[in-house]
Amino acid sequence: MTRSDLVEELAARFSQLTHRDAEYAVKTLLDAMSDTLVRGNRIEIRGFGSFSINRRPPRMGRNPRSGESVAIPEKRVPHFKPGKALREAVDAKTSDMLKSALTS
């Protein structure tokens, strides 16, 4: 699902929202989430999952072309951990799809 798909879904589910309002709502939500993660804070959405920042320590890598060692600096990267309800829903749906594929 892309951002525009999300806007379309929101506008379709809530008829009182115009397409522009749905677009603004999605943009506001994503901007707030981004700003929170940039500040180093955690986001938790019950039943869905949590977003946090993981620190990748500096390390030595290798240039695949020349084989020369390269210092890779420390990075902070976003991390998503699905909640129990989401994990179970995905697992149940995947299991159902596999069962139907095997029986047909």
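The model shown is predicted, which means the values in this text are computed figures rather than measured ones.

Caption draft 1: Structural view of a nonpolar patch on the surface. Judged by side-chain polarity, Ile45, Phe48 and Phe80 come together as a nonpolar surface patch covering roughly 230 Å² of accessible area. With respect to the helices, strands and loops of the structure, phenylalanine 80 is situated in strand E5 (residues 75–82).

Caption draft 2: Broad picture of the pairing of strand E2 (residues 49–56). Summarising the sheet, strand E1 (residues 43–45) and E2 pair through three bridges and their orientation is antiparallel. Its bridge partner lying in E2, isoleucine 43 is registered against phenylalanine 51.

Caption draft 3: Broad picture of the sheet that holds E1. Pairing within the open sheet is antiparallel, and its three strands lie in the order E1-E2-E5. The two strands at the open ends of the sheet, each matched to only one other strand, are E1 and E5. Pairs of neighbouring strands in the sheet enclose a mean axial angle of 25°, with direction left out of account. Pairing between E2 and E5: eight bridges, direction antiparallel.

Caption draft 4: Main features of the layout of surface pockets. Estimates place the volume of the largest pocket at around 330 Å³. Forming the walls of the largest pocket are 13 residues, and the residues nearest its centre are Met1, Leu6, Val26, Leu29 and Leu30. Put simply, the parts of the chain that give the lining of the largest pocket at least two residues each are helix H1 (3–13) and helix H2 (19–38). Considering each element in turn, the lining of the largest pocket owes the most residues, five residues, to H2.

What counts, and where the lines are drawn
Residues numbered from 1 in each chain as written. Predicted model: local features only at pLDDT ≥ 70, side-chain atom pairs only at ≥ 80, totals over all residues. Heavy atoms only, no water. Patch = residues over 30% accessible without salt bridge, like charges linked within 9 Å, V, L, I, M, F, W, Y side chains within 5 Å. Areas by Shrake-Rupley, 256 points an atom, 1.4 Å probe, with all protein chains shown as cover. Salt bridge = Lys/Arg side-chain N within 4 Å of Asp/Glu carboxyl O. Helix = DSSP H or I, 4+ residues; strand = E, 2+ residues; numbered from the N terminus. Pairing = 2+ DSSP bridges. Axes fitted to C-alpha atoms, helices over the stretch in contact; angles between N-to-C directions. 1 Å grid on protein atoms, 1.4 Å probe; cavity = no way out; pocket = protein on both sides within 12 Å on 5 of 7 lines; lining within 4 Å. Points joined across faces, edges and corners; volume = space filled by probe spheres on them.

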